[in-house]
Amino acid sequence: MTDVAPAPAREAPSLVKAPTGIDGFDDITIGGLPAGRPTLVCGGAGCGKTLLAMTFLVNGAEQFDEPGVFMSFEERAEDLAANVASLGFDIPGLVARGRLMIDHVRVERGEIEETGEYDLEGLFVRLDYAISSVGARRVVLDTVEALFSGFTDTAILRAELRRLFGWLKDQGVTAIITGERGAGQLTRHGLEEYVSDCVILLDNRVEDQITTRRLRIVKYRGSAHGTNEYPFLIDDQGISVLPVTSAGLDHEALSEPVSSGVPGLDAMMATGGYYQGSSVLISGGSGTGKTILAAQFADTTCRRGERCLFFTFEESPEQLVRNVASVGIDLRQHLVRGLLRIEAARPSLFGFEMHLARMIRDVGRFQPAGVVVDPVSAFRGPSFEIQATMLRLVDSLKAGGVTGVFTSLTPAHTMTEADHRISSLMDTWISLLDIEESGERNRGLYVLKSRGMSHSNQIREYRLTEHGVELSRPYVGAGGVLTGSARVLQEAREQAETVRLRQEAEQRRREFERRRTATERQIAELRAALEAEAAEVAMLNEQADLREQTAEQDREAMAARRGAAE
Amino acid sequence: MTEGPADQPDQPQYVLRLYVTGSTARSARAIENMRRICEDHLEGRYDLEVVDIYQNPTATIEQQIIAAPTLVKLLPSPLRRIIGDLSNKEKVLAGLDIHLQLDKQLADEG
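By the naming in an unreviewed UniProt entry, chain B goes by Circadian clock protein KaiB and is assigned to Skermanella aerolata.

This is the structure in C-alpha cells:
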C-alpha cells in the first residue's frame with residue numbers, strides 16, 4: 001500500500017466576486033460575477049440580457065465605484081439610455097461624469113468589402129481607448145455575435161474573439177458578454193467555447209398564456225452557486241431574482257404574540273394572538289369576512305406603529321379601503337402615515353412565480369412587520385409549483401420575522417390538493433364557516449390548528465359589525481354549538497329556566513323562613529309555659545315552708561301553754 | 001452594362017482614409033497596395049490619408065473602425081469600408097466603384 005502523504009489543505013484563495021447589486025442575483029452566485037473575468041449571458045430575444053448587463057454597469061458605477069464601458073453592437077447609445085431611463089438609470093449623467101462610456105459599434109454588412117488579410121485590431125483599440133478613458137473595471141459587449149453578420153471569414157472572427165476574451169482577462173476587467181440563444185447550443189455561434197468561467201442562461205417561457213422569466217447559472221468555474229432555475233422579474237424597479245436557496249429553515253422562532261386585531265380571537269389562543277413571524281391561513285367561503293379579518297390584522301399592526309404590506313389580488317386599493325371602511329376599519333389613515341402599503345395586481349397579470357418574486361422584493365424593500373396576501377387561492381397552476389413558491393414566500397417572511405396572514409377562498413371541507421399543500425405550510429389556520437340552520441345563515445369561526453400553542457377548540461359565532469369582526473359569547477350546550485336565532489332562542493329558554501329556578505328557590509326560602517318563625521314562636525310559647533310552671537312550683541314550695549314554719553310555732557306555743565298549766 | 005469612359009472629365013474626386021495599426025507588415029502591405037491603386041486608377045483625383053489608430057484611437061470611434069486595416073471611402077458616396085491588406089485588387093476596385101473590367105475592355109479594343 002502506498003503511503004499517501006496527506007495532501008496539503010487546499011487554501012485556494014476564494015474567487016473574488018464583483019457584486020451586481022441586482023436583488024437576489026448576488027445571493028445565488030454567492031457574491032456576484034467572477035471579478036476580472038468574462039461572463040457569458042445568453043438567452044433568446046427579449047429575455048433581458050441587455051438590461052441585466054446595463055444594470056451590472058450602472059450599479060457598478062453608482063454603488064461599487066467601478067466605472068464601466070458598454071460596447072453595444074446592436075442598439076445606439078441614445079436608444080440604450082432611453083430604454084433604461086424608466087428604471088431610474090441616468091445614463092447621460094453617468095456618461096457626463098465619466099463613470100460610464102457607451103460605444104456603439106455599427107456593423108453594416110453592405111458597407112464592408114473584404115480584400116485580404118485583416119484582424120479586429122480596430123475593435124481592440126476602441127475598447128482599450130474606452131476602458132482607459134473612464135478607468136473602467138467593468139465591460140459589457142452586447143451582443144458581440146453581431147460581428148458574425150458583418151464578416152464572412154468566420155475563421156478570422158473566431159480567432160479574434162478568442163483573442164478578445166483573453167485580452168479582456170489580461171485587462172483584469174469584469175466583463176459580461178451577451179449571446180443570442182442558438183438551436184442545440186447555448187449561443188448561436190458557440191461563444192460558450194471561449195467564455196467558460198461563468199455562463200448564465202436567461203429564459204422567457206410562456207405557459208398557460210403566462211410568461212415567466214427564468215435564470216439559471218449553467219456554470220461558474222471555481223465557485224459554488226445555486227443550480228436551480230430562478231424566476232426573475234423585470235419591472236419599473238429593474239431586475240430582481242427570486243432566490244430559493246437563500247431561504248431555509250434556519251430562522252429563529254419568535255415567541256412574541258401579535259394581535260389578530262380581534263380581541264375575541266386573540267383570547268382563543270393561549271398566547272393571546274398569533275406568534276410574531278408565523279404564517280396564518282384564514283380560509284373560508286365567499287362572503288365569510290376573510291378580507292375583513294385580514295384588514296383588522298393590518299389595522300392593528302399599523303396602530304402599534306408598525307408597517308404592514310397588503311397584497312390584494314381581487315380588489316383595487318381604493319376598493320379595499322372603501323369596503324373595509326363599511327365595517328369601521330379605517331385603513332386610509334395608515335396609508336396617509338405611510339405605515340400601510342397596498343399592492344394590487346390581477347393574478348393573471350403574470351405567473352405566480354413572478355407575483356411571488358415581486359412580493360418578496362417589495363417585502364424586502366418596505367420592511368413590514370406584517371404582510372397580508374389576499375387571497376392566495378387566486379394563484380392557479382400546478383399544485384406542487386404553487387406550494388414550492390409559497391414555501392419560498394413563507395420562508396422569506398419567517399426569516400425576516402414578518403407575520404404573514406394569507407386568506408384562501410376555500411372552506412376546509414372542500415379543499416383541493418393545492419390548498420392542502422399550502423395549509424401544511426401554515427402555523428395557524430383559522431377556518432371560517434357558514435352555518436346554515438333553522439333557515440338562517442350564520443358565521444362561525446374556529447382555530448383549526450395553531451402550532452406551538454394551546455388554543456380553544458370551540459366554534460365561535462361572529463358577526464360583522466361596525467367595529468369589524470366581533471365574536472359572540474360562545475354557547476356550548478348539550479346539542480352542540482348553536483348560532484343565530486337558535487342560539488338566542490336557546491339562551492332565552494335557558495334564561496326562563498333560570499328565572500323559574502330562582503323563583504322556586506325564593507319560594508322555598510320564604511317557606512322556610514315562615515316555618516322557622518313559627519317554630520321559634522312555638523319555642524317561645526313553650527318556654528313561657530315552662531317559666532310559668534317554674535314560678536308556680538316556687539310559690540308552692542314557699543307556701544309549704546311557711547306552713548311548716550307556722551305549724552312549728554303553733555306547736556311551741558301549745559307546749560308553752562301546756563307547760564304553764566301543768 | 002454601364003457606360004462611361006475612364007477619361008471623362010467630370011470623374012469624381014476620391015476622399016480616402018486608410019486606418020492601419022502601427023508599422024506591422026500587414027499595415028505596410030496595405031499602404032503599398034493602396035498607393036499603387038491610387039496611382040494607377042485615380043491619378044490626380046484622390047486625397048488619401050493614412051491614420052495610425054494606435055496614435056489616434058478616437059478615430060476608430062468616429063469612423064466605426066472594427067477591423068484593421070480598413071480603407072474608408074468617404075467620397076464619393078456611398079460610404080464604403082474596405083477591409084484587409086487590399087491585396088485583392090479587383091475587390092478593392094469594386095469597393096471603390098472603379099470599373100476596371102470596362103476600362104480594360106475599352107483599352108483592349110482601342
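More follows now that the structure is in view.
**Q** Any chance you could explain the sheet that holds strand β18 (residues 370-374) of chain A here in plain terms?
**A** Note: strands within a sheet are paired through backbone hydrogen bonds, in either parallel or antiparallel orientation. Residues and elements named next belong to chain A. Overall, mixed pairing links the nine strands, which are arranged β17-β16-β18-β19-β15-β20-β21-β22-β23 in an open sheet. Every interior strand has two partners, whereas the edge strands, β17 (340-344) and β23 (468-471), have only one. Neighbour to neighbour, the strand axes of the sheet diverge by 25° on average, direction disregarded.

**Q** So what exactly am I meant to see when it comes to the side chain of Thr60 of chain B here?
**A** Inspection of the secondary structure puts Thr60 of chain B in helix α2 (residues 58-62). Sequence-distant contacts of Thr60 of chain B, defined by excluding residues within four places in its chain, comprise Gly122, Val125 and Arg126 of chain A together with Ile53 and Ile65 of chain B.

**Q** Can you help me understand the environment of Val469 of chain A in this one?
**A** Residues and elements named next belong to chain A. Turning to its location among the elements, Val469 is positioned in strand β23. According to the relative accessible area criterion, Val469 is buried, its value standing at 3%. Through-space distance from the C-alpha of Val469 to that of Gln296 is 8.1 Å; in sequence the pair is 173 residues apart. Beyond its immediate chain neighbours, meaning those up to four positions away, Val469 contacts Val262, Ile292, Leu293, Gln296, Tyr462, Arg463 and Leu464.

**Q** Please explain unusual backbone geometry as it appears in this structure.
**A** Asp142 of chain A connects to Thr143 of chain A through a cis peptide bond whose omega is -20°. Within the secondary structure, Thr143 of chain A is located in the loop between β7 (138-142) and α6 (147-150). Each neighbour pair has its own omega, and for Asp374 of chain A with Pro375 of chain A the value is -10°, a cis peptide bond. Tracing the sequence through the fold places Pro375 of chain A in the loop between β18 and α13 (383-399). Despite not being glycine, Asp65 of chain A shows a phi value in the positive range, around 55°. Looking at where Asp65 of chain A falls in the secondary structure, it is placed in the loop between α2 (49-63) and β4 (68-72). Residue classification places Asp65 of chain A among the exposed residues on the basis of a relative accessible area of 55%. In this structure, Leu86 of chain B is a non-glycine residue whose phi angle is positive, near 65°. Tracing the backbone shows Leu86 of chain B in the loop between β4 (80-83) and α3 (89-95).

**Q** Explain the confidence of the model for chain B to me, please; I cannot follow it from the model alone.
**A** In low-pLDDT regions, the fine details of the predicted coordinates are not to be read closely. For chain B, per-residue confidence averages 80 on the pLDDT scale, and 81% of positions sit at 70 or higher. Helix α4 (residues 100-109) of chain B is the least confidently modelled element of chain B, averaging 54 in pLDDT, while strand β1 (residues 14-20) of chain B averages 90, the highest of any element.

**Q** It is not clear to me how the sheet that holds strand β2 (residues 46-52) of chain B should be interpreted in this structure. Could you clarify?
**A** Strand order in this open sheet of five strands is β6(A)-β4(B)-β3(B)-β1(B)-β2(B), and the pairing throughout is mixed. Sheet topology places β6 (112-114) of chain A together with β2 of chain B at the edges, where each strand pairs with a single neighbour. Across this sheet, the average inter-strand angle for adjacent strands is 20°, counted without regard to direction. In the sheet, β1 of chain B pairs with strand β3 (residues 70-75) of chain B via five bridges, with the strands oriented antiparallel. Bridge pairing links Leu16 of chain B to Lys73 of chain B in β3 of chain B. Its contacts with the sheet place helix α1 (residues 25-41) of chain B against β1, β2 and β3 of chain B, and it is angled at close to 165° to β1 of chain B.

**Q** Got a minute to help me understand α2 of chain A in this structure?
**A** Note: α-helices contain 3.6 residues per turn, so residues at a spacing of three or four share the same orientation. Residues and elements named next belong to chain A. Look at α2: 21 Å from first C-alpha to last across 15 residues, which is about the 21 Å you get at 1.5 Å a residue. Turning to α2, its buried residues are Lys49, Leu51, Leu52, Ala53, Met54, Thr55, Phe56, Leu57, Val58, Asn59, Gly60 and Ala61. Positive phi appears at Asp65, one or two residues downstream of α2, with a value of about 55°.

**Q** For this particular structure, what's the right way to read the pairing of β4 of chain A?
**A** A regular strand places its side chains on the two faces of the sheet in alternate fashion. Residues and elements named next belong to chain A. By the criterion of burial, β4 is predominantly enclosed, with five of the five residues buried. Burial along β4 is two-sided: Gly68, Phe70 and Ser72 and Val69 and Met71, pointing in opposite directions, are all buried. Of the strand pairs in this sheet, β4 and strand β5 (residues 100-104) are connected by five bridges, and their pairing is parallel. Looking across to β5, one finds that Ser72 is bridged to His104.

**Q** Would you mind going over the state of the cysteines with me for this structure?
**A** One covalent bond between the sulfur atoms of two cysteine residues makes up a disulfide. Residues and elements named next belong to chain A. In this structure the tally under the stated criterion is zero disulfides over all chains. No disulfide involves Cys47; its sulfur sits 8.5 Å from the nearest other cysteine sulfur, which is in Cys42. Looking at Cys308, it has no disulfide partner, and the nearest cysteine sulfur is the one in Cys302, 5.3 Å off.

**Q** So what exactly am I meant to see when it comes to the interface of chain B and chain A here?
**A** Interfaces are often sized by the accessible area lost when the parts come together. Each partner contributes to the interface: chain B provides 28 residues, whereas chain A provides 25 residues. When the buried area of chain B at its contact with chain A is split by residue, Gln64, Ile66 and Ile83 of chain B rank highest and sum to 30% of it. Run the count over chain B and chain A and you get three salt bridges. The residue Glu117 of chain A makes a salt bridge to Arg29 of chain B at a minimum N-O spacing of 3.4 Å. Between the two partners, chain B and chain A, sit 19 residue pairs in polar contact (both at pLDDT 80 or more). Of all the elements in the fold, those that place two or more residues in the side of chain B that touches chain A are α1, α2, β4 and α3 of chain B. In terms of residues, the side of chain B that touches chain A owes the most to one element, β4 of chain B, which gives four residues. Here β6 of chain A pairs with β4 of chain B via three bridges, running parallel. Bridged to Ile112 of chain A within β4 of chain B is Arg81 of chain B.

**Q** Can you help me understand the pairing of strand β8 (residues 174-180) of chain A in this one?
**A** All names here are of chain A. For β8, the buried fraction is high: seven of the seven residues fall into the buried class. The side-chain alternation of β8 yields two buried faces, one formed by Thr174, Ile176, Thr178 and Glu180 and the other by Ala175, Ile177 and Gly179. Note that strand β3 (residues 38-43) and β8 share six bridges and pair parallel. When the sheet's bridge partners are listed, Leu40 is paired in β8 with Ile177. Strand direction decides the pairing type here: β7 and β8, joined by four bridges, are parallel. Residue Leu141 lies in a different strand from β8, and its bridge partner there is Ile177.

About the cut-offs
- Residues numbered from 1 in each chain as written.
- Chains lettered and ligands numbered in written order.
- Predicted model: local features only at pLDDT ≥ 70, side-chain atom pairs only at ≥ 80, totals over all residues.
- Heavy atoms only, no water.
- Pairing = 2+ DSSP bridges.
- Helix = DSSP H or I, 4+ residues; strand = E, 2+ residues; numbered from the N terminus.
- Axes fitted to C-alpha atoms, helices over the stretch in contact; angles between N-to-C directions.
- Contact = heavy atoms within 4.5 Å.
- Buried < 20%, exposed > 50% of the residue type's maximum accessible area, 1.4 Å probe, protein only.
- pLDDT = per-residue confidence, 0-100.
- Expected span 1.5 Å × (residues − 1).
- Disulfide = S-S within 2.5 Å.
- Buried area = accessible area lost by both parts, 1.4 Å probe.
- Salt bridge = Lys/Arg side-chain N within 4 Å of Asp/Glu carboxyl O.
- Polar contact = N/O pair within 3.5 Å; in protein donor to acceptor, adjacent residues only side chain to side chain.

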